[in-house]
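# Descriptive analysis of the structure
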Amino acid sequence: MAERLSIAYSPCPNDTFVFHAWAHGLVPGAEAPEVTFADIDITNGLAERGELDVLKISYGALPWVLDEYTLLPCGGALGRGCGPLVLTRPGPADETPEPADLSGRTVAVPSERSTAYLLFRLWAARAVPGGLGKIVVLPFHEIMPAVRDGRVDAGLVIHEARFTYRQYGLHSLADMGEAWERETGLPIPLGAIIARRSLGAERLRAIGEAIRASVRQAWADPRAGREYVLAHAQEMDPAVAEQHIGLYVNEFTADLGEEGYAAVRALLTRAAAEGLVPPLAPGALDF
């Protein structure tokens, strides 16, 4: 008998909402996985070391792991109006911070292998004359306090920070998602679900079907996973958790589709042209 599947995803509400049914053996006929919770920078590293069977990673890390893992067509996070934000402290009352103010400055990011980072670097190459200063990697929940306290000049934030940054007295300098959508017309590729190629075609198809079924069950009965979502939401307000789910769980979560794959190819092709990621081999995204 095959070993039990190992999976890692974040404790964020969108992931726990999506995977609740599958993780709890509630998808008929599907093997329930053994779950590890980890933030995206950790799961990116796990994937690069090939340590688990199925992982939620950043699309920004995908080019480094495609030899060993395949991109699954469901379970991930793409969307519109949900891009990362660049946050700064407010300026004087008569001044509004501008992107050019980041020239030579220190910026905190959640990962250098993240979609957020790729979108940020692509934007900064055009918007920040003279270039950025030092980049420091911090866990995403530490970034806003670091900006507020002046330990860094700006921070690149993701997830529920879109809803909470004002509580830290911060200013949104730029929305990476708005810039991406304005230029490409495509959704923003944020989090990918990958599975080890060595599992074989039949098992990979079964995993994809289980994830898709888990998504549909979550939509059909959102209350079923509410306790699971809130238990792992890092003291997040329930209303914010619901906003988070509504923003990041959508039709692309059930199926990437042509538009979803086009968005992923566009991001990684542009990033490769800037030398930020390795180029994609032909057919690298095929499932």
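The sections below set out a description of the structure shown in this document. (Residues numbered from 1 in each chain as written. Predicted model: local features only at pLDDT ≥ 70, side-chain atom pairs only at ≥ 80, totals over all residues. Heavy atoms only, no water.)

### Section: the overall build of the protein
Put simply, the test is: Think of it this way: any DSSP run of H or I at least four residues long counts as a helix, any run of E at least two long counts as a strand, and we number them from the N terminus. Radius of gyration: over C-alpha atoms. The globule rule applied is 2.2 Å multiplied by the number of residues raised to the 0.38 power. Three labels apply to residues, based on accessible area from a 1.4 Å probe with only protein chains included: buried if under 20% of the type maximum, exposed if over 50%, partly exposed otherwise in between. Note on definitions: a residue-residue contact is assigned when non-hydrogen atoms from the two residues lie within 4.5 Å. Lys and Arg are tallied as positive, Asp and Glu as negative. Neither His nor the chain termini are counted. Lysine's charge is taken at NZ, arginine's at CZ, aspartate's at CG and glutamate's at CD.
Each helix and strand in the protein was counted, giving 11 helices and 11 strands. Here the protein has a C-alpha radius of gyration of 19 Å; the compact-globule value for 287 residues is 19 Å, and the two agree. Considered along the principal axes of its C-alpha atoms, the protein spans approximately 65 × 45 × 30 Å. In the protein, which comprises 287 residues, the share counted as buried stands at 55%. Taking as baseline every contact in the protein between residues at least 6 positions apart, the subset at least 24 positions apart corresponds to 79%. Distance from the positive charge centre (25 side chains) to the negative charge centre (37 side chains) of the protein: 1 Å.

### Considerations on helix H6 (residues 176-184)
Quick reminder of the rule: The arc refers to the directions leading from the helix axis to the C-beta atoms. Polar contacts, as counted here, are pairs of nitrogen or oxygen atoms within 3.5 Å of one another; within protein the pair requires one atom able to donate a hydrogen and one able to accept it, and residues that are adjacent in sequence qualify only if both atoms are side-chain atoms.
Those residues of H6 that fall on the buried side of the exposure criterion are Met-176, Gly-177, Ala-179 and Trp-180. On an axial view of H6, the arc spanned by its buried residues comes to 160°, and they lie on one face. Tucked into the core, H6 has its buried residues touching strand S6 (85-88), helix H3 (115-127), strand S9 (154-157), strand S10 (171-175), strand S11 (188-196) and helix H11 (257-273). At the N-terminal end of H6, a side-chain oxygen is found 2.8 Å from the backbone nitrogen of Gly-177, two or three residues along, and the residue is Asp-175.

### Quick notes on H11
Note the following rule: A helix's residues, less one, multiplied by 1.5 Å, set its expected span.
Helix length check: H11, at 17 residues, gives a terminal C-alpha distance of 24 Å against a target of 24 Å (1.5 Å per residue), a fit within 8%. Where H11 is concerned, the buried positions are Gly-260, Tyr-261, Ala-263, Val-264, Ala-266, Leu-267, Leu-268 and Ala-271. Contact partners of the buried residues in H11: strand S4 (69-71), strand S5 (77-79), H3, H6, S11 and helix H10 (251-254). Following H11 by one or two positions, Gly-275 adopts a phi angle in the positive range, close to 75°.

### Digging into the nonpolar core
Defined as follows: Nine residue types can take part in a nonpolar core, namely buried Ala, Val, Leu, Ile, Met, Phe, Trp, Tyr and Cys, and a core is a set of them joined through side-chain atoms within 4.5 Å.
Judged by nonpolar contacts, the single largest core of 58 residues is most densely connected at Leu-55, Ile-57, Tyr-59, Leu-62, Val-86 and Trp-123. Residue contributions to this core peak at 8 residues, all from H3. Other than its neighbours up to four places away in sequence, Tyr-59 contacts Leu-71, Ala-77, Leu-78, Thr-115, Pro-189, Leu-190, Gly-191, Ala-192, Leu-256, Val-264, Leu-267 and Leu-268. Counting residues in hydrophobic clusters, the runner-up holds 27 residues, among them Cys-74, Leu-204, Ile-211 and Val-229.

### Some thoughts on the side chain of Lys-56
Within the fold, Lys-56 resides in strand S3 (residues 54-58). One polar contact links Lys-56 to Asp-15, side chain to side chain, over a distance of 2.5 Å. Residues within four places of Lys-56 in sequence aside, it is in contact with Ala-8, Tyr-9, Asn-14, Asp-15, Ile-40, Thr-43, Ala-77, Gly-191, Ala-192 and Ile-193.

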